[in-house]
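A look at the structure
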Amino acid sequence: MNRVPDEGMVLVPGGSLFTETPEEGRALALTLARHTIHNIQPDLDILKGGRPNYSTTPDSLTAAAHVVAIEFQTIAAANNYWRS
């Protein structure tokens, strides 16, 4: 099996949801979403094999954006919406 590298399997990179800015929070949300997918499907050949289908299907792209939005909501809440 052509497996995702171990660093791609970490569910919470850096071990924290705290970020300095919303921009960093959004970047972390994208990373969390990718790592979630890697943990669900760790075989890179299978993962990349499906890319031509899901990367051009509007419903699949909308679903992926939804996952990132949910991750971002979680991070924003953990950061108290970046308010002091």
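Placed above this text is the structure.
Below you will find a few notes about this structure. (Residues numbered from 1 in each chain as written. Predicted model: local features only at pLDDT ≥ 70, side-chain atom pairs only at ≥ 80, totals over all residues. Heavy atoms only, no water.)

Further remarks concern the overall build of the protein. Scanning the protein for helices and strands turns up three helices and zero strands. Taken along the three principal axes of its C-alpha coordinates, the protein extends 45 × 30 × 15 Å. A buried classification covers 25% of the 84 residues belonging to the protein. Total accessible area computed for the protein in this model is approximately 5,800 Å², and 59% of it derives from carbon and sulfur atoms. Of note, the protein has its 6 positive side-chain charges centred 3 Å away from the centre of its 9 negative side-chain charges. (Helix = DSSP H or I, 4+ residues; strand = E, 2+ residues; numbered from the N terminus. Buried < 20%, exposed > 50% of the residue type's maximum accessible area, 1.4 Å probe, protein only. Areas by Shrake-Rupley, 256 points an atom, 1.4 Å probe, with all protein chains shown as cover. Lys, Arg positive; Asp, Glu negative; His and termini not counted. Charge placed at Lys NZ, Arg CZ, Asp CG, Glu CD.)

Attention now moves to the packing of aromatic side chains. In the structure shown here, the tally under the stated rule is zero aromatic pairs. Against the face of Phe72 rests Arg26, its NZ or CZ located 5.8 Å from the ring centre. (Phe/Tyr/Trp six-rings, centres within 6.5 Å; stacked < 30°, edge-to-face > 60°. Lys NZ or Arg CZ within 6 Å of the ring centre and 35° of its normal.)

Attention now moves to the nonpolar core. By size, the foremost hydrophobic cluster in this structure holds six residues: Leu28, Ala29, Leu32, Ala33, Val68 and Ile75. Broken down by secondary-structure element, the contributors of at least two residues to this core are helix H1 (22–40) and helix H3 (58–78). Per-element tally for this core: the top contributor is H1, with four residues. With near-sequence residues (within four places) excluded, Ala33 lies in contact with Val67, Val68 and Glu71. (Core = buried A, V, L, I, M, F, W, Y, C linked by side-chain atoms within 4.5 Å. Contact = heavy atoms within 4.5 Å.)

On to the packing of H1 against H3. Across the interface, H1 lies against H3 with an axial gap of 8 Å and an inter-helix angle of 130°. Between H1 and H3, the angle falls in the class oblique. Where H1 crosses over H3, the handedness of that crossing is right-handed. Along its contact with H1, which presents Pro22, Gly25, Arg26, Leu28, Ala29, Leu30, Leu32, Ala33 and Thr36, the element H3 presents Val67, Val68, Ala69, Glu71, Phe72 and Ile75. Its residues placed into classes, the contact of H1 with H3 shows 11 nonpolar, two polar and two charged. (Axes fitted to C-alpha atoms, helices over the stretch in contact; angles between N-to-C directions. Parallel < 35°, antiparallel > 145°, perpendicular 65-115°, else oblique. Left-handed = near helix turned anticlockwise from the far one by under 90°. Nonpolar A, V, L, I, M, F, W, Y, C, P; charged D, E, K, R; others polar.)

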